[in-house]
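# Commentary on secondary and tertiary structure
The lines below spell out each chain.
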Amino acid sequence: MDGRQAGPEGPRGAAPSNPLGLQSPPGESPRILVPDVRCLGVTHSPEGVRPVSELILHHYPPSPFSEKVRIAFGIKGVAWRSVEIPRVPPRPLLFPMTGGYRRTPVLQVGADIYCDTALILAELERRYPRPTLFPEPDPGLTLAFGEWVDGPLFRAAVAVVLGTAAENLPEDFARDRVRIYFGPGARLEDLVAALPDWREQLQGRLRWLEQSLPAGADYFCGGRPGQRDAQAWYLCWFLNGRHPEGRAMVDAHPRLAAWYLRMEAIGHGSESPLSGEEALALCAASEPGATATGVADNPQGLRQGDAVAVRPQGEGGDPEVEGTLQSLDAVRLSLQRRDPEAGTVTVHFPRVGYRLRA
Ligand SMILES: N[C@@H](CCC(=O)N[C@@H](CS)C(=O)NCC(=O)O)C(=O)O
């Protein structure tokens, strides 16, 4: 399987009807349907970008951030390979490729590794432009919406889910997750004690979600699902699956409740399993793809080939990934690494939300 069968030319692909190959639904101006995706580092070509290799997602089924990517695969209708990783490190078959990046999920395409769902979705859009994840004219707002869902909204949901399930959580899992989402000083007992407050924090934001869904529209940006839907979906999916009253919290909002059913029907595209060993061997046998950009002028004065270290911003205790700087611009940064098991790998991160240092 090469990921192409249901890709841009696959059953959900649309015949180009404008210079960017985006299709206009009846009654809508094509101009409005051409999103300015330069902020994603995405350049649409009329032909689209043919995938050179299959999409391999390293994830575990209950992972909410992974669900964001899985539903995006469904929206695009692509074929992908699924590698199931442990819920808690160590991850000895994945870390040789990522250099120790510890968040989930990770997308692998040959010897290119994409970290963070923001970048994974941008890369998916680059490789499979149609149907677009950005049916709206303001993709910057979608990215900012995503940062809000992944930040304050997700943290409130995690607090309510972990706080409610506290007595039944495996200790190492609970300690790990409280640390990465609430910082080094946080304790599960504090989440439990503050549960009534966290519930209100969550409910107030779910109300904002409802108010972001236009009345009469099937999806967040109108008639077609896109990245805003993927963002909102993973959060509601997480609540539904992990909190006894999660579905009721969503269903308390009539527009969200109806939208949830539409999203549920989208599915995950065409998924087939792959072992971690096979994915690592495939990485070792591949060369990273060429990156288009060099290193842009930057306030730290970093240059191509410099030894650098990258980690998510914040106090989650994430380890740094080390490598040599290969490319950098306002959207993404890419490191090259050599590993005895994985070979030469390029590891890509979004620029926003990651701390880069020499
Ligand atoms: N900003 C990251 C956050 C990802 C994240 O926090 N994922 C959770 C799983 S849903 C995680 O990494 N948990 C710890 C782990 O899997 O080791 C992204 O968008 O990919």
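In short, a report on the structure. (Residues numbered from 1 in each chain as written. Predicted model: local features only at pLDDT ≥ 70, side-chain atom pairs only at ≥ 80, totals over all residues. Heavy atoms only, no water.)

Where helix α8 (residues 195-212) meets helix α11 (residues 254-264), the axes come as close as 8 Å, and the angle between the chain directions of the two elements is 70 degrees. On the basis of their axis angle, the class for α8 and α11 is roughly perpendicular. Contacts between α8 and α11 involve Leu206, Leu209, Glu210 and Gln211 from the former and Pro254, Arg255 and Leu256 from the latter. The residue makeup of the contact of α8 with α11, split by class, is 4 nonpolar, 1 polar and 2 charged. (Axes fitted to C-alpha atoms, helices over the stretch in contact; angles between N-to-C directions. Helix = DSSP H or I, 4+ residues; strand = E, 2+ residues; numbered from the N terminus. Parallel < 35°, antiparallel > 145°, perpendicular 65-115°, else oblique. Contact = heavy atoms within 4.5 Å. Nonpolar A, V, L, I, M, F, W, Y, C, P; charged D, E, K, R; others polar.)

Quick look at the pairing of strand β6 (residues 307-312) now. Burial analysis of β6 places 5 of its 6 residues in the buried class, which makes it a mostly covered element. In terms of strand pairing, β6 meets strand β7 (residues 321-328) through 4 bridges, oriented antiparallel. Across the sheet, Val308 pairs through a bridge with Gly323, a residue of β7. The pairing of β6 with strand β10 (residues 354-357) spans 4 bridges and is antiparallel. Its bridge partner being in β10, Pro312 is matched across the sheet by Tyr354. (Buried < 20%, exposed > 50% of the residue type's maximum accessible area, 1.4 Å probe, protein only. Pairing = 2+ DSSP bridges.)

Another aspect to go through is the sheet that holds strand β1 (residues 56-59). Pairing in this open sheet of 10 strands is mixed, and the strands run β5-β2-β1-β3-β4-β9-β8-β7-β6-β10 from one edge to the other. Edge positions in the sheet fall to β5 (270-273) and β10, since each of these pairs with one other strand and no more. Averaged over neighbouring strand pairs, the angle between their axes works out to 35 degrees when direction is ignored. Running over the sheet, helix α2 (residues 64-76) touches β1, β2 (79-84) and β3 (106-109) and is turned about 155 degrees from β1. Contacting β3, β4 (112-115), β8 (332-339) and β9 (343-350), helix α4 (residues 117-127) crosses the sheet at an angle of about 130 degrees to β4.

With the rule as written, the count across this model stands at 16 aromatic pairs. Aromatic side chains Trp148 and Trp208 sit 5.9 Å apart centroid to centroid with 35 degrees between the ring planes, which places their arrangement in the tilted category. Placement of Trp148 in helix α5 (residues 139-165) and of Trp208 in helix α8 is noted, with a sequence separation of 60 residues between them. Classification of Trp148 as buried rests on a relative accessible area of 19%. Through a chain of ring-to-ring contacts, three or more aromatic side chains come together here, namely Phe145, Trp148, Trp208, Phe220, Trp233, Trp259 and Tyr260. (Phe/Tyr/Trp six-rings, centres within 6.5 Å; stacked < 30°, edge-to-face > 60°.)

Leu55, Phe73, Leu202, Leu209 and Trp259 are the most contacted members of the largest nonpolar core, which totals 59 residues. Examining the composition of this core, we find that 12 residues originate from one element, α5, more than from any other. Both of domain 1 (30-133 + 271-357) and domain 2 (139-264) provide at least three residues apiece to this core. Apart from residues no more than four positions distant in its own chain, Leu55 is found in contact with Phe73, Val78, Ala79, Trp80, Arg81, Leu107, Gln108, Val109, Leu124, Arg127 and Tyr128. Core analysis: the next-biggest nonpolar cluster, separate from the first, contains 29 residues, Ile113, Val310, Leu333 and Phe349 among them. (Core = buried A, V, L, I, M, F, W, Y, C linked by side-chain atoms within 4.5 Å. Domains from an automatic or database assignment.)

In the vicinity of the ligand there are 13 residues, among which Tyr60, Arg102, Thr104, Asp116 and Thr117 approach most closely. Arg91 places a side-chain nitrogen or oxygen 2.8 Å from an oxygen atom of the ligand. Within the side chain of Thr117, a nitrogen or oxygen atom sits 2.5 Å from an oxygen atom of the ligand. If the ligand stood free it would expose 500 Å²; the protein chains cover 93% of that surface. Those elements giving two or more residues to the shell around the ligand turn out to be α2 and α6 (171-182). Here the element with the most residues in the shell around the ligand is α6; it accounts for 3 residues. By residue class, the composition of the shell around the ligand is 5 nonpolar, 3 polar and 5 charged. Counting the residues that make up the shell around the ligand, at least three belong to each of domain 1 (30-133 + 271-357) and domain 2 (139-264). (Near = heavy atom within 4 Å. Polar contact = N/O pair within 3.5 Å; in protein donor to acceptor, adjacent residues only side chain to side chain. Areas by Shrake-Rupley, 256 points an atom, 1.4 Å probe, with all protein chains shown as cover.)

Going through the model one piece at a time under the given rule, you end up with 19 salt bridges. Across the pair Glu189 and Arg187 runs a salt bridge whose closest N-O atoms are separated by 3.5 Å. Look at Glu189 and you get partly exposed, because its relative accessible area is 47%. Among the ionic pairs, Arg247 bridges to Asp251, the shortest N-O distance being 3.5 Å. In this pair, Arg247 and Asp251 both sit in helix α10 (residues 246-251), 4 residues apart, roughly one turn of the helix. (Salt bridge = Lys/Arg side-chain N within 4 Å of Asp/Glu carboxyl O.)

What follows concerns the pairing of β3. Burial of the side chains of β3 extends over both faces: Val106 and Gln108 are buried on one face and Leu107 and Val109 on the other. Where β1 lies against β3, 3 bridges are found, and the strand directions are antiparallel. Paired with Ile56 across the two strands is Gln108, which belongs to β3. Taking the residues between adjacent antiparallel strands as the criterion, β3 and β4 are bridged by 2 residues, where Gly110 takes a positive phi near 65 degrees.

All right, on to the packing of helix α9 (residues 227-242) against α11 then. Each pair of packed helices gets described by two things: the angle between the helix axes and the distance between those axes. Packing of α9 against α11 brings their axes to within 11 Å, and their N-to-C directions diverge by 100 degrees. On the basis of the axis angle, α9 is roughly perpendicular to α11. Residues Asp229, Ala230, Ala232, Trp233, Cys236, Trp237 and Asn240 of α9 pack against Trp259, Tyr260, Met263 and Glu264 of α11. Its residues assigned to classes, the contact of α9 with α11 shows 8 nonpolar, 1 polar and 2 charged.

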